[in-house]
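# Structural overview for review
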Amino acid sequence: MSRAPKRDWNAEVPGLAARRGALRLLTSVLQQGRPLDVALAGALNGIDRPDDRALARNLASGVLRWLVDLDVLIDSATERALPDDARARMALRIGLAGHLLLGTPPHAVVATTLELTEGGPRRLTHAVLSRLLREDARLPDAPTLPAGYGLRWQKAWGDTVVAAAARALGTEPATDLTLKDAAQTAHWAETLGGKSLAPGHVRLVRKGALAELPGFEEGAWWVQDLGASLPARLLRYSAGDRVLDLCAAPGGKTLQLAASGAKVMALDTSDSRLERVSENLERMGLTAEIVGADALAWRPEHPFGAILLDAPCSASGVFRRHPDVLHLKGSRDLKPLLAIQAQLLDRACDWLAPGGSLVFSTCSLEPEEGEKQLAALLARRSDMTIDTITAAELPAGLTPNPGGWLRTLPGDLEDAGGIDGFFVARLVKAA
Ligand SMILES: C[S@@+](CC[C@H](N)C(=O)[O-])C[C@H]1O[C@@H](n2cnc3c(N)ncnc32)[C@H](O)[C@@H]1O
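Residues numbered from 1 in each chain as written. Predicted model: local features only at pLDDT ≥ 70, side-chain atom pairs only at ≥ 80, totals over all residues. Heavy atoms only, no water.

## Describing the environment of aspartate 245
Here aspartate 245 lies in strand β4 (residues 242-246). Sequence-wise, aspartate 245 and proline 199 are 46 residues apart; in three dimensions their C-alpha atoms are separated by 22 Å. Other than its neighbours up to four places away in sequence, aspartate 245 contacts Lys253, Thr254, Leu257, Val264, Met265, Ala266, Leu267 and Leu308. There is a polar contact of 2.5 Å between the side chain of aspartate 245 and the side chain of threonine 254. (Helix = DSSP H or I, 4+ residues; strand = E, 2+ residues; numbered from the N terminus. Contact = heavy atoms within 4.5 Å. Polar contact = N/O pair within 3.5 Å; in protein donor to acceptor, adjacent residues only side chain to side chain.)

## Observations regarding the site of the ligand
Every one of the 18 residues lining the ligand counts as a neighbour, but Lys253, Asp268, Arg273, Asp294 and Asp310 are closest to it. Contacts to the ligand include proline 250, whose backbone N or O atom sits 3.3 Å from an oxygen atom. Arginine 273 is positioned with one of its side-chain polar atoms (N or O) 2.8 Å from an oxygen atom of the ligand. Computed on the free molecule, the ligand has an accessible area of 610 Å², of which 86% lies beneath the protein chains in the complex. Among the secondary structure elements, those contributing two or more residues to the shell around the ligand are α11 (252-259) and β5 (263-268). (Near = heavy atom within 4 Å. Areas by Shrake-Rupley, 256 points an atom, 1.4 Å probe, with all protein chains shown as cover.)

## Digging into the pairing of β5
Sheet faces and side chains relate simply in a regular strand, where the side chains alternate between the two faces. Buried residues dominate β5, accounting for 5 of its 6 residues. With 5 bridges connecting them, β4 and β5 associate as parallel partners. Within β5, the residue paired with aspartate 245 across the bridge is alanine 266. Here β5 pairs with strand β6 (residues 289-292) via 4 bridges, running parallel. (Buried < 20%, exposed > 50% of the residue type's maximum accessible area, 1.4 Å probe, protein only. Pairing = 2+ DSSP bridges.)

## Describing the side chain of serine 270
Residue position: serine 270 is located in the loop between β5 and α12 (271-284). Within the local environment of serine 270, its side chain forms a polar contact with the side chain of serine 272, the two groups lying 3.3 Å apart.

## A word on the packing of helix α1 (residues 16-31) against helix α2 (residues 36-43)
Packing of α1 against α2 leaves a shortest axis separation of 9 Å and a crossing angle of 135°. Considering their axes alone, α1 and α2 lie oblique with respect to each other. The handedness of the crossing between α1 and α2 comes out as right-handed. Between α1 and α2, the contacting residues are Gly21, Arg24, Leu25, Ser28 and Val29 on the first element and Leu36, Ala39, Leu40 and Ala43 on the second. When grouped by side-chain class, the residues that make up the contact of α1 with α2 number 6 nonpolar, 2 polar and 1 charged. (Axes fitted to C-alpha atoms, helices over the stretch in contact; angles between N-to-C directions. Parallel < 35°, antiparallel > 145°, perpendicular 65-115°, else oblique. Left-handed = near helix turned anticlockwise from the far one by under 90°. Nonpolar A, V, L, I, M, F, W, Y, C, P; charged D, E, K, R; others polar.)

## Some details on the packing of aromatic side chains
Counted according to the given criterion, the structure contains 6 aromatic pairs. Aromatic pair tryptophan 405 and phenylalanine 423: ring centres 6.3 Å apart, planes at 45°, arrangement tilted. Taken as a pair, tryptophan 405 in the loop between β9 (384-386) and β10 (406-407) and phenylalanine 423 in strand β11 (residues 423-429) lie far apart in primary sequence, 18 residues in all. On the accessibility criterion, tryptophan 405 (17% relative accessible area) is buried. Through a chain of ring-to-ring contacts, the aromatic side chains of Tyr149, Trp153 and Phe319 assemble into a single cluster. (Phe/Tyr/Trp six-rings, centres within 6.5 Å; stacked < 30°, edge-to-face > 60°.)

## Brief notes about unusual backbone geometry
Omega for the peptide link from alanine 249 to proline 250 comes to 5°, which places this bond in the cis form. Phi is positive for cysteine 247, which is not a glycine, with a value near 70°. As for its position among the elements, cysteine 247 is in the loop between β4 and α11. Owing to a relative accessible area of 17%, cysteine 247 belongs among the buried residues under this scheme. We note that alanine 315 has phi near 65°; this positive angle belongs to a residue other than glycine.

## A word on the UniProt feature "binding site: S-adenosyl-L-methionine" (unreviewed entry) in the protein chain
According to UniProt, the positions carrying the feature "binding site: S-adenosyl-L-methionine" (unreviewed entry) are Cys247, Ala248, Ala249, Pro250, Gly251, Gly252, Lys253, Asp268, Asp294 and Asp310. Along the polypeptide, glycine 251 turns up in the loop between β4 and α11. Relative to the helices and strands, aspartate 310 resides in strand β7 (residues 304-310). For aspartate 310, the contacting residues outside a window of four places in its chain are Leu246, Cys247, Lys253, Ser361, Thr362 and Phe422. In this structure the side chain of aspartate 310 is engaged in a polar contact, spanning 2.9 Å, whose partner is the side chain of lysine 253. (UniProt positions renumbered as here; feature names shortened; annotations may be inferred.)

## With respect to the domain arrangement of the protein chain
Partitioning the protein chain into domains gives domain 1 (16-134), domain 2 (175-223) and domain 3 (225-429). Relative to domain 3, the C-alpha centre of domain 1 lies at a distance of 36 Å. At the junction of the two partners, domain 1 supplies 11 residues and domain 3 supplies 8 residues. With both sides pooled, the region where domain 1 packs onto domain 3 buries about 760 Å², and carbon together with sulfur makes up 58% of that total. When the buried area of domain 1 at its contact with domain 3 is split by residue, Leu30, Leu64 and Arg65 rank highest and sum to 47% of it. Remark: the boundary between domain 1 and domain 3 carries 0 salt bridges. Run the count over domain 1 and domain 3 and you get 3 residue pairs in polar contact (both at pLDDT 80 or more). (Domains from an automatic or database assignment. Buried area = accessible area lost by both parts, 1.4 Å probe. Salt bridge = Lys/Arg side-chain N within 4 Å of Asp/Glu carboxyl O.)

Here it is, written out as structure tokens:
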């Protein structure tokens, strides 16, 4: 049997390879429910040029940030709305994102969008696009949050936070680095031309290939949002203590704990994600004991002096870096996640030595995955109490909640480039 020749995506209309990649990425996220990062390898397979790959990712990310508003524009130019999953709608979203966000000239937008529509309604697509280009269609100042999230966050945090979330969604966030050696903060901030908001943290101002920056090869830093670095910073332990990083992969917090001298056991149920923990540890020249296990079925041999539980959650707090989280169906259904979080919390409390420290964190903006989960834990366990987080332990500009925990929200540190949405509570077990 003869095989169809492999298609050369790089030998077509200029810019088309990237747009085909963007289309496959968006189909994977919006129709198959795969996170953007997971979809990348498959969707960009066969696209060789790094700039085409980068453009495909930028277009897909732009569409995901501005999806609601791009659809409003498309619907304003058709009498009968195109189905949500129609190829023509996807092609129009990509074409408009290229034009309105990346400045692709109209003739290139029309040529590539019509090619992408392949087998779909070309005349209709052409008519919609021509009308929007002729009328000089614009996007609003900030994206509209996808259905559900605007209302949910308005109820939980109020209008100011919702407006800040919309601004954050429309902005590609700066890259944050965590340093292996916090004593070298000033050195690396200067060498990398970045800004430090906390010891051991550098926020990069310039863009570019991270692997080419000073310090990458030698393992002086890794990429981690400032918010994501706070849970490990707040855990109480001493160098040499046995610390359990429960739900550890891909390992940002494992690296922090190992770099500060703890004897870390990094446990996660996902073998593929644990491979990334091992790779990250190796690049950084750090060590930890890696355990691949379901924490709900596993038992430790000895209690731990400190446990970090960075629990699986909706991840709605990291929408700035991962705008796909706002469109993945699974992230909207909190129930199964809430049940796992509660069970993991109980396991962590049971495995803690008397007087031990527990940090519970979620990268979520949903109170059910933070404040309410904490309240329920305190109500059902008399052996755990809050160990109050103080302002002195946090980067300047962040304030702990009077209840003793930390909640970071859109709008926090906005002038310095913002921070992901996290909930962090520190608890202590009765001695
Ligand atoms: C929020 S991520 C952890 C991120 C990680 N702490 C870091 O900083 O890189 C949650 C992790 O929980 C893991 N997980 C989910 N359910 C689990 C279970 N029952 N047992 C162990 N790990 C679990 C997932 O595989 C995922 O890697």
